[in-house]
Amino acid sequence: METALMRGSSLSVRCVRRYARSGRSSVRAQAQATSSNKAARDGVVERVRSKVVLASKTVGVQLMLALPALAEEAEKEPGKLFDFDLTLPIMAAQFLVLMVFLDKTWFSPVGKVLDDRDENLRNILSGVQDNSGDVQKMEDEAAKVVSDARTAAANLIASEKKAAQDAGDEKLASLKKKLDAQYEAASAALVKEEEGARKALEPEIEKLAKQIVEKVA
Amino acid sequence: MNLATIASLSVGQHLYWRTESVAVHGETLITSWFILGVLGIVSILGNGNLKSIPEGLQNVTEFALEFVRDIAKTQIGEEEHKEWVPFIGTIFLFIFVSNWSGALLPWRVLELPNGELGAPTNDINTTAALALLTSIAYFYAGISKKGISYFKRYVEPAPFLLPINVLEDFTKPLSLCFRLFGNILADELVVGVLLLLVPLLVPVPLMLLGLFTSAIQALVFATLAGAYIGESLEDHH
């Protein structure tokens, strides 16, 4: 790869040189041409200019004005392609400043955001990957909750039943006691009445017995 | 303004800013300040309010960073690429924005006393500065990791290769420098010449090719810088 790149670069260097040489030589040639007969050139330029104005009016192609521009070019100093000067260290310094600035405002903070997001996603992903255990745990929990609820309900039912039974029994017992007492009282009253009646009837019976005896006798 | 000045062609002309002893290329510095400004503004606007779910310009800055990280990771390796991301990233972004500004923006509309505005990368000073910084970077990477034993690689795999290995340290920055310079200058010249000859439609395919070349050159420079750094970081056995 390296050799290919080097070959490419040397090729491009050669191309650049050729461009430079051809550019320079043409510029030089024109410079010579113009200096030799300046007056004639001015005339030519005038004529070309008038023609060009006509052309641009009729066709609208302005850019044929490039011809006078080339003539102006010839009067400039010859160009220097490989002109090293203080621009080089200034560019290097500017680059270093830019690097520090971009590191502070771009590469570090944005890099941190990217890393944080990466880690966040990785955590979420790993959490999802072993959620079969979670599901098992949740199912167990659900079963436990259901069975707990079932026992609690059964207990509640049993205790309520017992309470109701007790309350009923108590009521029954008190009712029975009351009835018993009433019965007692009623039967006592009956016995008393019977006694009373019997006592009341005694003289009558004696009288009747006396009468019977008298009659029989 | 004369439309022809857009189509005029100047080779190696510079706008010199001189003091008594030194001169600098004004047009290169002006456009480089523009590039610095653009990158700074994009960085501040895009990364001023970072969110975990990106919006707007943050998508662009994140994509650029991921792209650069990818280059660094493939060239330098998983463990050591992180600290070289700023260098490689800045190289890529600076060259890319420079090249595309030269290819897309009508710089030549702004007239200068001498020379013409264009991509900063069509000045050899810029590309030489970047290439030299790359050389310094890979020397720094190797020496800071291995110390003096970094220089063992000059006699590997065999001592008689020493001259070639030493030569490589010169060819690397030279090739980086001239590759970028030549490509960008050649592209601007081709487009300029075609604009001179046929100002309508015909240069458009070459302009598109120029856009493509510009992007590729930024990628190539960043990739090679990463490769050189990775080469001097890798362990020899």
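Being a predicted model, the structure only gives us computed values, none of them experimental. (Residues numbered from 1 in each chain as written. Chains lettered and ligands numbered in written order. Predicted model: local features only at pLDDT ≥ 70, side-chain atom pairs only at ≥ 80, totals over all residues. Heavy atoms only, no water.)

**Student:** Before we move on, could you go through the overall build of chain A and cite the residues and values that matter?
**Tutor:** When helices and strands are tallied, chain A shows 5 helices and 0 strands. Starting at the N terminus and ending at the C terminus, chain A contains elements arranged as α-α-α-α-α. Counting only residues that meet the buried cut, chain A has 18% of its 217 residues in that class. Put simply, chain A shows about 16,700 Å² of open surface, and 62% of that area lies on carbon and sulfur atoms. (Helix = DSSP H or I, 4+ residues; strand = E, 2+ residues; numbered from the N terminus. Buried < 20%, exposed > 50% of the residue type's maximum accessible area, 1.4 Å probe, protein only. Areas by Shrake-Rupley, 256 points an atom, 1.4 Å probe, with all protein chains shown as cover.)

**Student:** Quick rundown of the packing of aromatic side chains? Include the residues and the values.
**Tutor:** Residues and elements named next belong to chain B. Applying the stated rule across the entire model yields 18 aromatic pairs over all chains. Centre to centre, the rings of Phe139 and Tyr150 are 5.9 Å apart; their planes meet at 75°, and the pair counts as edge-to-face. Here Phe139 is found in helix α5 (residues 124-146), whereas its partner Tyr150 is found in the loop between α5 and α6 (162-197), with 11 residues between them in sequence. We classify Tyr150 as buried; its relative accessible area is 1%. Here the aromatic residues Tyr138, Phe139, Tyr150, Phe151, Tyr154 and Tyr228 are joined through ring pairs into a cluster of three or more. (Phe/Tyr/Trp six-rings, centres within 6.5 Å; stacked < 30°, edge-to-face > 60°.)

**Student:** I'd like a description of the nonpolar core, backed by residues and values.
**Tutor:** Trp106(A), Trp84(B), Phe87(B), Ile88(B) and Ile229(B) are the most contacted members of the largest nonpolar core, which totals 60 residues. Those elements that place two or more of their residues in this core are α4 (87-129) of chain A together with α2 (26-47), α3 (57-76), α4 (85-104), α5, α6 and α7 (203-233) of chain B. With 11 residues, the single largest contributor to this core is α4(A). If we skip the residues at most four places from it in the chain, Phe87(B) touches Phe95(A), Met99(A), Leu133(B), Thr134(B), Ala137(B) and Ile229(B). (Core = buried A, V, L, I, M, F, W, Y, C linked by side-chain atoms within 4.5 Å. Contact = heavy atoms within 4.5 Å.)

**Student:** I'd love a proper account of the confidence of the model for chain A, names of residues and values included.
**Tutor:** Of all residues in chain A, 68% have pLDDT values of 70 or greater, and the mean over the chain is 77. This stretch, residues 1-27 of chain A, has a pLDDT under 50; its non-local contacts, to residues over four places away or in other chains, come to 19 contacts. (pLDDT = per-residue confidence, 0-100.)

**Student:** Residues and numbers for α6(B), please.
**Tutor:** Between the first and last C-alpha of α6(B) there are 51 Å, a value that for 36 residues agrees with the 52 Å anticipated at 1.5 Å per step. Where α6(B) bends most, at Asp169(B), the angle is about 30°, and the proline Pro173(B) comes one to four residues later. (Expected span 1.5 Å × (residues − 1). Bend = angle between axes of the 7 residues up to and from the residue.)

**Student:** Now, about the packing of α3(B) against α4(B): what can you tell me, with residues and values included?
**Tutor:** Residues and elements named next belong to chain B. Close contact between α3 and α4 brings their axes to 9 Å; oriented N to C, the two are set at 120°. One element, α3, and the other, α4, form an angle in the oblique class. As α3 packs across α4, the resulting crossing turns out to be right-handed. Across the interface between the two elements, Ala64, Leu65, Phe67, Val68, Arg69, Ile71, Ala72 and Ile76 of α3 pack against Val85, Ile88, Gly89, Phe92 and Leu93 of α4. Its residues assigned to classes, the contact of α3 with α4 comprises 11 nonpolar, 1 polar and 1 charged. (Axes fitted to C-alpha atoms, helices over the stretch in contact; angles between N-to-C directions. Parallel < 35°, antiparallel > 145°, perpendicular 65-115°, else oblique. Left-handed = near helix turned anticlockwise from the far one by under 90°. Nonpolar A, V, L, I, M, F, W, Y, C, P; charged D, E, K, R; others polar.)

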